[in-house]
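As a plain string of letters, each chain reads:
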Amino acid sequence: MGVVKRFISQLSYGQDLTRIAFPSEFLNPYSILELAGVRYLSRFESLMIANTQAEPAQRMLHTVHYYLATLFQSKMYRKPYNPVVGESHYCFSEQRGSNTQFIAEQVTHHPPVSAFHINNDKDSIEVEGIISFGVKFHMNSVTVGTAGNLRVSLHRHHEDYIFNKSIPDLLIKNVVLGTRQTKWQKTVEVECKQSGCKCKITFTDSGSSEKIEGVITKDGKTQLKFEGSLDDEIYYFAETDEEETLFISEEQIPNAKVIYPVQLDPYPSMKVWRQVTKCIMANNMTGADAAKREVEEEQRTRVKAGEDDKKERKYFIYNNDLKTWVYKPGTFSLPPS
């Protein structure tokens, strides 16, 4: 029996997979923190465009564009590494003549919670999010239920856009038999209290494609709608005019280069997982599994010593009033090049 089938045969229906050590055959060669850095930074130009819009509904539309661009054609057939507690990752990008910085930190391991913060001083744009998830096994499929919101702040407009999920729920189909498919699920809601705008995004599995529909309202009145497929193109149109305008396509999604400075923190993602990544890239899964066990065992020692119970990390602190982790302003700056 192959490694994958042997592993799956040991699982039971409905089992929580967040506490299961996955064989390296299931893994992508990067951490969740690294994946978040690439996704949220490379698409950041969408928020710069949102920042230039005069109308509130258009600012909402382009802020939603940023969110959807991070999901567009992103197939997750393998899982990234679960970061160890205290792991961090930072990077930056240069877009439209300005610098955008990203910092992420794994604030707890059980439950797995990743916190991240993005800042662009020149354009006065800030993004802050929490990524948390539960994974359950359903024989030939796996469901990923996500939690943690995303806040996009366009400070020039004194507006905060709150997404109730930083990542939509996810269904992975045919994990044992058939052609594997990943589908974003259910709905995501966005609200900007300052402008009175709201947006509801609905993800639907329509077989071979991922259908998406959205409605933007202002003070309860419909302003814009959009629909299409995350595998192809999405169009938007005004409530009073059904002439469609291209909203998202592969050709017009920002894809800025992400730059990685020297990582100086105690547990940087690239250093923590270096040997695992090296082995996976060389298709040495036995070596990857051994290196991964060393990482996990070192973390178990720190967790037993109380590391997972801390309510303050280097860059983030748990806010008891908000019941979530928040960035500690001024704690991060890129190291000298």
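Residues take numbers from 1 onward in each chain, read along the sequence in its written order. Reporting in this predicted model follows two pLDDT cut-offs: at least 70 for local features of residues, and 80 or more for side-chain atom pairs to be given and counted; totals over whole chains, interfaces and linings ignore these cut-offs and use all residues. Hydrogen atoms and water are omitted, and side-chain values are computed over all heavy atoms in the structure.

### Points about helix α2 (residues 32-42)
Using a 1.4 Å probe on the protein chains alone, a residue whose accessible area is under 20% of its type maximum counts as buried, one over 50% counts as exposed, and one in between counts as partly exposed. Secondary structure counts use DSSP, requiring at least four H or I residues in a row for a helix and at least two E residues in a row for a strand, with both numbered from the N terminus. Counting buried residues along α2, ten of its eleven residues qualify, which places the element largely inside the surrounding structure. Residues I32, L33, E34, L35, A36, G37, R39, Y40, L41 and S42 constitute the buried set of α2. Residues adjacent in sequence count toward polar contacts only when both atoms are side-chain atoms; beyond that, a polar contact is any pair of N or O atoms within 3.5 Å, and within protein one must be able to donate a hydrogen and the other to accept it. Where α2 begins, the side chain of S31 points an oxygen toward the backbone nitrogen of L33, at a separation of 3.2 Å.

### Considerations on the pattern of salt bridges
The working definition used for a salt bridge is a side-chain nitrogen of Lys or Arg within 4 Å of a carboxyl oxygen of Asp or Glu. Per the stated rule, a full pass over the model turns up 18 salt bridges. Its salt-bridge partner being R156, residue D123 comes within 3.8 Å of it at the nearest N-O pair. Taken together, the residues D123 in the loop between β5 (113-120) and β6 (125-137) and R156 in the loop between β8 (150-154) and β9 (159-163) connect sequence positions 33 residues apart. Of the residues examined, D123 reaches a relative accessible area of 13% and is grouped as buried. Residue classification places R156 among the partly exposed residues on the basis of a relative accessible area of 47%. Taken together, the shared-partner salt bridges in this structure form one network comprising E126, E128 and R151.

### Side note on the layout of surface pockets
A pocket, in this scheme, is an open set of points on a 1 Å grid over the protein atoms alone with protein on both sides within 12 Å along at least 5 of 7 lines, while a cavity is a set where a 1.4 Å probe fits but cannot get out; residues line either one if an atom lies within 4 Å of a point. Grid points are joined across faces, edges and corners, and a volume is the space filled by probe spheres set on the points. Estimated volume of the largest pocket: approximately 360 Å³. If you trace the largest pocket, you find 18 residues lining it, with H109, H110, E296, Q299 and R300 closest to the centre. Among the secondary structure elements, those contributing two or more residues to the lining of the largest pocket are β2 (79-81) and α7 (285-304). Top element by residues in the lining of the largest pocket is α7. It accounts for five residues. Basically, the charged four are Asp, Glu, Lys and Arg, the nonpolar ten are Ala, Val, Leu, Ile, Met, Phe, Trp, Tyr, Cys and Pro, and anything else, Gly included, counts as polar. Across the lining of the largest pocket, the residue classes tally to eight nonpolar, five polar and five charged. Considered as a void within the structure, the second largest pocket measures approximately 240 Å³ in volume. H117, N119, D121, Y327 and F332 are the residues nearest the centre of the second largest pocket, which is lined by 16 residues in total.

### Observations regarding the environment of R43
The topology assignment puts R43 in the loop between α2 and α3 (45-51). With 100 residues separating them along the chain, R43 and T143 place their C-alpha atoms 26 Å apart. Beyond its immediate sequence surroundings of up to four residues, R43 is in contact with Y66, A69, T70, I253, P254 and N255. In this structure the side chain of R43 is engaged in a polar contact, spanning 3.4 Å, whose partner is the side chain of N255. Every residue pair with non-hydrogen atoms within 4.5 Å of one another is taken to be in contact.

### A look at the state of the cysteines
Here, a disulfide means two cysteine sulfur atoms that sit within 2.5 Å of each other. For the structure shown, the criterion picks out zero disulfides. Of all cysteine sulfurs, the one in C197 lies closest to C192, which takes part in no disulfide; the gap is 6.6 Å. Residue C197 is classed as buried on the basis of its relative accessible area, which comes to 1%.

### Quick look at the side chain of H89
Secondary-structure assignment places H89 in strand β3 (residues 88-95). Excluding residues that lie within four positions of it along the chain, H89 makes contacts with L33, E34, F102, I103, A104, Y260, Q263, S269 and M270.

### Examining the packing of aromatic side chains
Pairing of aromatic rings covers Phe, Tyr and Trp, the last counted by its six-membered ring, and requires centre-to-centre distances within 6.5 Å; plane angles under 30 degrees mean stacked, over 60 mean edge-to-face, and any other angle means tilted. Scanning the model with the defined rule gives 13 aromatic pairs in all. Plain terms: the ring middles of Y67 and F163 are 4.6 Å apart, the flat faces sit at 15° to each other, and that makes the pair stacked. Remark: F163 occurs in strand β9 and Y67 occurs in helix α4 (residues 56-69); sequence separation between them is 96 residues. Residue class for Y67 comes out buried when judged on its relative accessible area of 1%. Centre to centre, the rings of Y236 and F247 are 5.9 Å apart; their planes meet at 80°, and the pair counts as edge-to-face.

Everything listed is a geometric property; what it means functionally is a separate question.
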